[in-house]
Amino acid sequence: MAQLDKETFSTSGAPLSVEAAVALIAKRVPAIEETEKVDLLAAAGRVLAQPLIAPIDLPAFDNSAVDGYAARSRDLAIGSATELPIRGRIAAGHAPQTLSAENGALRIFTGAPVPEGFDRVFMQEDCTLADGNVLLPSDPSKGANIRRRGEDIAKGTEAIARGRRLMPEDIGLAAALGTTGITVRRELKVAIFSTGDEIVSPGVSLPPAAIYDANRFMLHAMLQRLGVRVHDLGILPDVRERTASALLEAAHAFDLVITSGGVSMGEEDHVKAVLETRGSLAFWKLAIKPGRSVAMGVLDGTPFIGLPGNPVAVFVCFATLVRPLIAALNGAQPEPLHRQKVIAGFSFRKKPGRREYLRVSLRRDSSGAIIAEKYAVQGSGALTSLTRTQGLLELHEDVTEIACGDRVDFIDYELMR
Ligand code: AMP
Ligand code: MG
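Small disclaimer: the values here were computed from a predicted structure and weren't measured. (Residues numbered from 1 in each chain as written. Chains lettered and ligands numbered in written order. Predicted model: local features only at pLDDT ≥ 70, side-chain atom pairs only at ≥ 80, totals over all residues. Heavy atoms only, no water.)

### Some thoughts on the overall build of the protein
And step 1. For the protein, the count of helices and strands is seven helices and 28 strands.
And step 2. Since a compact globule built from 417 residues should have a radius of gyration of about 22 Å, the 29 Å found for the protein marks it as more spread out than a globular shape.
And step 3. Seen through its principal axes, the protein has C-alpha atoms that stretch 95 × 55 × 45 Å.
And step 4. Here the protein holds 417 residues, and the buried ones make up 49% of them.
And step 5. When contacts within the protein are restricted to residue pairs at least 6 apart in sequence, those whose partners lie at least 24 apart make up 70%. (Helix = DSSP H or I, 4+ residues; strand = E, 2+ residues; numbered from the N terminus. Rg over C-alpha atoms; globule rule 2.2 N^0.38 Å. Buried < 20%, exposed > 50% of the residue type's maximum accessible area, 1.4 Å probe, protein only. Contact = heavy atoms within 4.5 Å.)

Below is the structure:
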């Protein structure tokens, strides 16, 4: 468990900007240093604990990138096509033949080793066959289909950097280098709770005035995609002591505790109060919409984040805060949200001093420009504003108004996972 002390964070009571909150997390949240060796197939989504150094060259030998004919420059006429006898055949997986010094070309297939001295491979589509001979084209640029030994990665150099969250393509690269086991940070153990007397789990019939728990299930799914071990600790009633004991117990047992709901100002909001009185509160107001009330701090040496109750706010705060928090605990390289410029297809006014995220869909206009259209229902409880759109439009703190046609930052949901 990360051992943070009570003084780890200390900020004033004013709403913190998203940037400042992320910087605070990066600066103050120590990584969990323990590592483990896992089978390559179990490593996807995990964070590499030591750089992976290539034990071999990749490719390991010069090989043909196409099906065609290999030749030596010295046997080729300059400026005209050359006809050469075909003196051998090399298929993928077979050692190159030893070749006589005479003139000649070799039939070669994709992935087959290119023999020493052969410096050209011509695609079969560019060649003509006649009587056991092949007519090779005159254009030298056509004879460049050789993948050189080590051109992808040279033996002894870094193939994958420490701190990278391993993507399927990294697993492919590690396998191509002959790796079987890989040293990663141990899995983070993350506890999640929902809070609120009105919240019930799906599976029971809905009592009057109750709602089904969306947040815990969404959080679970989002966390799983980040490669952490999720511990679902259920729903906490709006009772101070129950909240305090459950959160402290979780803080003792897990690397990170996440709750949703119960962080606003009402008398029924106990999460922030518990953090303040039994742990230490770093901030609880974030200059963000949807979001605003987010309590972050330390409980029993463990980082704690109390997300808002409204599901869309949970989603937005997860993308902006929880992802960097998990990256910090994992000792992972930060993965900043990828923004793309698009054109606003609507006008909008906002309050200055906070960052605002609108849920939008994209379309192309007749000139090919990408236009963002705002989803009609932008309430922070409206889950369809997430499920029926493609991403978030990010309006910065100083923006007060956008006009139709303005260039704005768009974040694709697909790129925030
Ligand atoms: P709170 O901050 O606890 O007052 O919650 C704000 C809003 O979010 C209220 O309308 C809650 O009913 C709703 N909410 C809280 N937790 C959940 C949850 N787990 N799933 C769906 N909605 C929730
Ligand atoms: Mg509540």
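Past the structure itself, the notes keep going.
### A few points about the packing of helix H4 (residues 240-253) against helix H5 (residues 271-278)
Packed helices, taken two at a time, are described by their axes: the angle between them and the distance between them.
And step 1. For the pair H4 and H5, interaxial distance at closest approach is 9 Å and the crossing angle is 60 degrees. Crossing hand, H4 versus H5: right-handed. Of the residues in H5, those touching H4 at Arg 240, Glu 241, Thr 243, Ala 244, Leu 247 and Leu 248 are Val 271, Ala 273, Val 274 and Arg 278.
And step 2. A per-class count over the contact of H4 with H5 returns six nonpolar, one polar and three charged. (Axes fitted to C-alpha atoms, helices over the stretch in contact; angles between N-to-C directions. Left-handed = near helix turned anticlockwise from the far one by under 90°. Nonpolar A, V, L, I, M, F, W, Y, C, P; charged D, E, K, R; others polar.)

### Let's talk about the environment of Thr 302
And step 1. Residue placement: Thr 302 occurs in strand E21 (residues 302-307).
And step 2. For Thr 302, a relative accessible area of 0% puts it in the buried group.
And step 3. Each C-alpha atom, one on Thr 302 and one on Ala 253, is 9.1 Å from the other, the two residues being 49 residues apart in sequence.

### So, the sheet that holds strand E5 (residues 82-90)
And step 1. Read from one edge to the other, the open sheet built from six strands follows the order E7-E4-E6-E5-E9-E8, with strand pairing classed as mixed. The open sheet has two edge strands with one neighbour each: strand E7 (120-123) and strand E8 (128-130). With strand direction ignored, the average angle separating the axes of adjacent strands in the sheet is 40 degrees. (Pairing = 2+ DSSP bridges.)

### With respect to the pattern of salt bridges
And step 1. Applying the stated criterion across every chain yields a total of 26 salt bridges.
And step 2. Across the pair Asp 170 and Arg 164 runs a salt bridge whose closest N-O atoms are separated by 2.8 Å.
And step 3. Arg 164 sits in the partly exposed class, given a relative accessible area of 31%.
And step 4. Close ionic contact of Arg 354 with Glu 356 constitutes a salt bridge, the shortest N to O distance being 3.6 Å.
And step 5. Given the relative accessible area of 22%, Arg 354 is considered partly exposed.
And step 6. Among the charged side chains, a network of salt bridges with common partners joins Glu 19, Arg 339, Arg 355, Glu 394 and Glu 397. (Salt bridge = Lys/Arg side-chain N within 4 Å of Asp/Glu carboxyl O.)

### Thoughts on the site of ligand 1
And step 1. Taken together, 16 residues lie around ligand 1, and Glu 198, Asp 213, Ala 214, Gly 262 and Gly 309 are the ones closest in.
And step 2. Between a nitrogen atom of ligand 1 and a side-chain N or O atom of Asn 215, the distance comes to 3.3 Å.
And step 3. At 3.2 Å, a backbone N or O of Asn 310 approaches an oxygen atom of ligand 1.
And step 4. For ligand 1, whose unbound accessible area comes to 490 Å², protein coverage reaches 77%.
And step 5. Elements supplying a minimum of two residues to the shell around ligand 1: strand E13 (189-195) and strand E15 (211-212).
And step 6. Here the residues of the shell around ligand 1 are counted per class, giving five nonpolar, eight polar and three charged. (Near = heavy atom within 4 Å. Polar contact = N/O pair within 3.5 Å; in protein donor to acceptor, adjacent residues only side chain to side chain. Areas by Shrake-Rupley, 256 points an atom, 1.4 Å probe, with all protein chains shown as cover.)

### Things to note about the domain arrangement of the protein
And step 1. Assigned domains within the protein: domain 1 (18-34 + 186-329), domain 2 (63-147) and domain 3 (339-415).
And step 2. Between domain 1 and domain 2, the C-alpha centre-to-centre distance is 63 Å. (Domains from an automatic or database assignment.)

### What to know about the side chain of Lys 350
And step 1. Summarising the element assignment, Lys 350 is placed in the loop between strand E23 (348-349) and strand E24 (355-364).
And step 2. Glu 356 is the oppositely charged side chain nearest to the buried, salt-bridge-free Lys 350, at an N-O distance of 5.1 Å.
And step 3. There is a polar contact of 2.9 Å between the side chain of Lys 350 and the backbone oxygen of His 396.
And step 4. Excluding residues within four positions of it along the chain, Lys 350 makes contact with Glu 356, Leu 395, His 396, Glu 397, Val 399 and Thr 400. (Lys, Arg positive; Asp, Glu negative; His and termini not counted.)

### Details of the nonpolar core
And step 1. Grouped together as the largest cluster of nonpolar side chains are 47 residues, with contacts concentrated most on Leu 223, Ile 258, Phe 283, Ile 305 and Leu 307.
And step 2. Secondary-structure elements contributing two or more residues to this core are helix H1 (18-28), E13, helix H3 (215-225), strand E17 (256-260), strand E18 (280-285), strand E20 (293-299), E21 and helix H6 (311-329).
And step 3. Here this core takes 13 residues from H6, the largest share from any one element.
And step 4. Both domains that furnish three or more residues to this core are identified here as domain 1 (18-34 + 186-329) and domain 3 (339-415).
And step 5. Residue contacts for Ile 305: discarding those within four places in its chain leaves Val 257, Ile 258, Thr 259, Val 294, Ala 295, Met 296, Leu 321, Val 322 and Leu 325.
And step 6. Counting residues in hydrophobic clusters, the runner-up holds 19 residues, among them Ala 244, Ala 251, Leu 275 and Ala 295. (Core = buried A, V, L, I, M, F, W, Y, C linked by side-chain atoms within 4.5 Å.)

### A few points about the side chain of Ser 64
And step 1. As for its position among the elements, Ser 64 is in strand E3 (residues 63-64).
And step 2. Residue classification places Ser 64 among the buried positions, given a relative accessible area of 0%.

### Points about the packing of aromatic side chains
And step 1. Inspection of the entire model under this criterion finds one aromatic pair.
And step 2. Ring centres of Phe 315 and Tyr 413 lie 5.4 Å apart, and the angle between their planes is 90 degrees; this geometry places the pair in the edge-to-face category. Taken as a pair, Phe 315 in helix H6 and Tyr 413 in the segment after strand E28 (407-412) lie far apart in primary sequence, 98 residues in all.
And step 3. Judged by relative accessible area, Phe 315 falls into the buried class, the value being 9%.
And step 4. Of note, Lys 272 hangs over the ring of Trp 284, and the distance from its end group to the ring centre comes to 3.9 Å. (Phe/Tyr/Trp six-rings, centres within 6.5 Å; stacked < 30°, edge-to-face > 60°. Lys NZ or Arg CZ within 6 Å of the ring centre and 35° of its normal.)

### Points about unusual backbone geometry
And step 1. Between Leu 58 and Pro 59 the backbone carries a cis peptide bond, its omega angle lying at -10 degrees.
And step 2. Mapped onto the elements of the fold, Pro 59 is located in the loop between strand E2 (52-53) and E3.
And step 3. Residue Pro 290 follows Lys 289 across a cis peptide bond; omega there is -5 degrees.
And step 4. Even without being a glycine, Asp 300 presents a positive backbone phi close to 50 degrees.
And step 5. Structurally, Asp 300 is set in the loop between E20 and E21.

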